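Spelled out from the first residue to the last, the chains are:
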Amino acid sequence: AERLWFATPLGNPEFSSGEVVRKTGSLIHEAGLSGGRGVHGSDRIFVSRKKCSRRRLLNEDAVFGELERFGFRRIFFEEMSFREQVRYAAHAKVICGLHGAGFTNMIFSESRQKIIEIMSPRKDQIHYKLLASKLGHLHRQCDSVEEIETSYESDYRMEPNSFCKYIQQCLEAD
């Protein structure tokens, strides 16, 4: 190897891993994995956790039914090859979904994205917010969810119409 990169913790105020994160995304593009134009005609993606065993949006179908009006496409990263994940994330202008590992795909973006992360206001998980900041993305946290339990593994519900009003505000914001 010519170089070996080590990422420092994103939350460490004394170090910045932004350069490392951006370089990783650049290397993926240079390897040709982001391949050409966007996929399936949508630059707004909703990362589903419907098939996961925990931290699901129990009324996801109703919520997504509203999101479709804004041009969102529901995707399941866990069913995709690495190349497909890179292509979707690289060409997305908006990535929306419940807090989860799918948000790490934002490192593959070739331009500024809007990240809309759905998470309980009681959760103190800021790593995707920090990652978005390091990459120059706009991060919004939607916390208008109802937790079914009070653990980290909780499933959620949310009111679709209220969420869509929030989404509309996010899409209009810079």
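One numbering rule holds for all chains: residues counted from 1, following each sequence as written. The model is predicted, so local features are restricted to residues of pLDDT at least 70 and side-chain atom pairs to those at 80 or more, both for listing and for counting; the totals for chains, interfaces and linings are taken over all residues. As a rule here, side-chain values cover all heavy atoms of the structure and leave hydrogens and water aside.

S.K.: For this particular structure, what's the right way to read the environment of Arg-55?
M.R.: Each helix corresponds to a stretch of at least 4 residues labelled H or I by DSSP, and each strand to a stretch of at least 2 residues labelled E; elements are numbered beginning at the N terminus. Its place among the elements puts Arg-55 in the loop between strand E1 (44-47) and helix H2 (60-67). Judged by relative accessible area, Arg-55 falls into the buried class, the value being 7%. Along the chain, Arg-55 and Glu-147 lie 92 residues apart, while their C-alpha atoms are 9.3 Å from each other. Polar contacts, as counted here, are pairs of nitrogen or oxygen atoms within 3.5 Å of one another; within protein the pair requires one atom able to donate a hydrogen and one able to accept it, and residues that are adjacent in sequence qualify only if both atoms are side-chain atoms. Here His-99 takes part through its backbone oxygen, which lies 3.5 Å from a polar atom of the side chain of Arg-55. Relative accessibility decides the category of a residue: with a 1.4 Å probe and only protein chains considered, values under 20% of the type maximum give buried, values over 50% give exposed, and everything between is partly exposed.

S.K.: Whenever I open this one, the pattern of salt bridges confuses me. Can you help?
M.R.: Pairing between side chains becomes possible if they bear opposite charge and their charged atoms approach one another. Each reported salt bridge corresponds to a side-chain nitrogen of Lys or Arg within 4 Å of a carboxyl oxygen of Asp or Glu. Scanning all chains against the criterion turns up seven salt bridges. A salt bridge links Asp-61 to Arg-74; the shortest N-O distance between them is 3.0 Å. Taken as a pair, Asp-61 in helix H2 and Arg-74 in strand E2 (residues 72-75) lie far apart in primary sequence, 13 residues in all. What you see here is one network of salt bridges that share partners, running through Lys-50, Glu-60, Asp-61 and Arg-74.

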